[in-house]
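# Chains, contacts and geometry: an overview
Take a look at the letters that make up each chain.
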Amino acid sequence: MKTIQNNLNIQEIKQNLKYEHDIEIFDSIDSTNKYLKSKINEKKYGTIVISNEQTNGYGKKSRQFMSNKDIGIYMSILINPNCLIEESLKITILTSVAILSAIKSVCNLDVKLKWVNDIILNDLKVGGILCESQINLNTNIIDNMIVGIGINVKKFDFPSSLKNIATSIENNINNDISRNKLISEIINFFDSYFLEKEDYLKIYKENSYVLGKDISVIQNDEQFNATAIDIDDNGSLIVQAQDKIIKLISSDISIR
């Protein structure tokens, strides 16, 4: 079997893009999200930062995200969503579908989407999304958003603490995956949904890991059981808890 070169390469990524983007690649960085946040007034919308390693990668609620060298995709995109705060979840939903579409296209794997920001492969987490925003308090509109994406791609022997939680794409497939090609496809699908306004919510629902399932919800330090029944147009998860219908915006959930 021919081995695909593992190095991240701007030219390889750019040659397959539908739209032009400013792209920066680092061999190592603390966090692509942090870097873009520190440079937010210097960069134009559509700028993409990619690193071969993150020394301080993080996810939701500042939880550590393993970002080892040479094995993953760690990237951030600067956008102007021009939406209200209550609509911001739509970008996470949109990005999830872009990642799902790219993995299916490049790897032919059946990934699922766990509300709101986890990418699931064979019941284990293969990737995640972290969107961070700057909000205009006068208008309640998001001026800037950084969309952070982390995906485990190459074969990797996960530590015992993660073996039952995380996986990688190549741990579930018999051939090498080009990170450059997968990055290009993620960007192209993201642009299709964000710039061209192609429908993504239907795809998200069809590939949901939680809809129709009994879940456990942690909200405001309280835990309760519910059934996930729908996702609304803003990306909120609609659940039924006993005789009440509840809309979740930022809760932690797990499958029961």
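The structure under discussion appears in the preceding block.
It should be emphasised that the depicted structure is a prediction, and the values quoted were computed from it without experimental measurement. Along each chain, the written sequence defines residue order, and numbers are assigned to residues from 1. Since the coordinates come from a predicted model, pLDDT governs what is reported: local features require at least 70, and pairs of side-chain atoms require 80 or more to be given and counted, while whole-chain, interface and lining totals use all residues. Side-chain metrics rest on all non-hydrogen atoms present in the structure, leaving aside hydrogens and water.

## A word on the sheet that holds strand β8 (residues 214-219)
Whenever strands of a sheet pair, they do so through backbone hydrogen bonds, lying parallel or antiparallel. A pair of strands counts as paired when DSSP detects no fewer than two bridges linking them. Numbering goes from the N terminus for both helices and strands, where a helix is a DSSP run of H or I of at least four residues and a strand is a run of E of at least two. Strand order in this open sheet of five strands is β11-β10-β9-β8-β12, and the pairing throughout is antiparallel. Edge positions in the open sheet fall to β11 (244-248) and β12 (252-255), since each of these has one partner strand only. Mean inter-strand twist for the sheet, computed between neighbouring axes without regard to direction, equals 40 degrees. Two strands pair when backbone bridges link them, and β8 and β12 are joined in this way by four bridges, in the antiparallel orientation. By the bridge assignment, I218 is partnered in β12 with D252. Here an angle of 0 to 180 degrees is reported between the N-to-C directions of two axes, which are lines fitted to C-alpha atoms, with helices fitted over the stretch in contact.

## Describing the pairing of strand β1 (residues 23-26)
Pairing of β1 with strand β2 (residues 48-51) involves four bridges; the strand directions are parallel. Within the sheet, the bridge partner assigned to F26 lies in β2 and is S51. The crossover handedness rule: strands pointing away from the viewer, path from first strand over the helix to second strand clockwise, crossover right-handed. For the handedness criterion, the β-α-β arrangement of β1, helix α2 (residues 32-38) and β2 is classed as right-handed.

## Some thoughts on the packing of helix α3 (residues 89-107) against helix α4 (residues 179-194)
At a minimum axis separation of 8 Å, α3 and α4 run at an interaxial angle of 135 degrees. Taken together, α3 and α4 sit at an angle that is classed as oblique. When the axes of α3 and α4 are compared, the crossing they make is right-handed. The segment α3 lies against α4, with I91, L94, T95, V97, A98, I99, S101, A102, I103, S105 and V106 engaging K181, L182, E185, I186, F189, F190, Y193 and F194. Residue polarity follows a fixed list, in which Ala, Val, Leu, Ile, Met, Phe, Trp, Tyr, Cys and Pro are nonpolar, Asp, Glu, Lys and Arg are charged, and the others, Gly among them, are polar. Looking at side-chain class alone, the contact of α3 with α4 contains 14 nonpolar, three polar and two charged residues. Orientation is classified from the angle alone, with under 35 degrees giving roughly parallel, over 145 giving roughly antiparallel, 65 to 115 giving roughly perpendicular, and any other angle giving oblique. Should the near helix be turned anticlockwise from the far one by less than a right angle, the crossing is left-handed, and should it be turned clockwise, the crossing is right-handed. We call two residues in contact whenever any of their non-hydrogen atoms come within 4.5 Å of each other.

## Describing the state of the cysteines
Here a disulfide denotes one covalent bond, and it connects the sulfur atoms of two cysteines. Sulfur atoms of two cysteines make up a disulfide when they are within 2.5 Å. Across all of its chains, the model carries zero disulfides by this definition. Left without a disulfide partner, C83 is nearest to the cysteine sulfur of C131, which lies 9.8 Å away.

## Some words on the pattern of salt bridges
Salt bridge, as applied in this entry: a Lys or Arg side-chain nitrogen positioned within 4 Å of an Asp or Glu carboxyl oxygen. Scanning the model with the defined rule gives 15 salt bridges in all. Of the charged contacts in the structure, one is a salt bridge between K37 and E132, with a shortest N-O distance of 3.1 Å. Taken as a pair, K37 in helix α2 and E132 in strand β6 (residues 124-136) lie far apart in primary sequence, 95 residues in all. Among the salt bridges present, the one from K125 reaches D118, with a minimum N-O distance of 3.2 Å. Taking relative accessible area as the criterion, K125 reaches 27% and is therefore assigned partly exposed. The structure contains a network of salt bridges with shared partners spanning K104, D110 and K112. Any residue under 20% of the maximum accessible area for its type is buried, any over 50% is exposed, and the rest in between are partly exposed; the area is computed with a 1.4 Å probe on protein chains only.

## A look at the environment of I173
Following the sequence through the fold, I173 ends up in the loop between β7 (141-152) and α4. Along the primary structure I173 and I253 are separated by 80 residues, whereas in three dimensions their C-alpha atoms are 28 Å apart. Among all residues touching I173, those that are not within four sequence positions of it are C107, L109 and K155.

## Concerning α3
Between the first and last C-alpha of α3 there are 27 Å, a value that for 19 residues agrees with the 27 Å anticipated at 1.5 Å per step. Counting buried positions over the 19 residues of α3 gives 16, a clear majority of the element. Positive backbone phi, approximately 55 degrees, marks N108, located one or two places after α3. Every helix has an expected span of 1.5 Å times one less than the residues it contains.

## Some words on unusual backbone geometry
At the junction of W115 and V116, the peptide bond is cis and its omega measures out at 5 degrees in the coordinates. Within the element layout of this structure, V116 appears in the loop between β4 (112-114) and β5 (118-121). One non-glycine residue, N108, lies in the positive phi region at around 55 degrees. Assignment of secondary structure puts N108 in the loop between α3 and β4.

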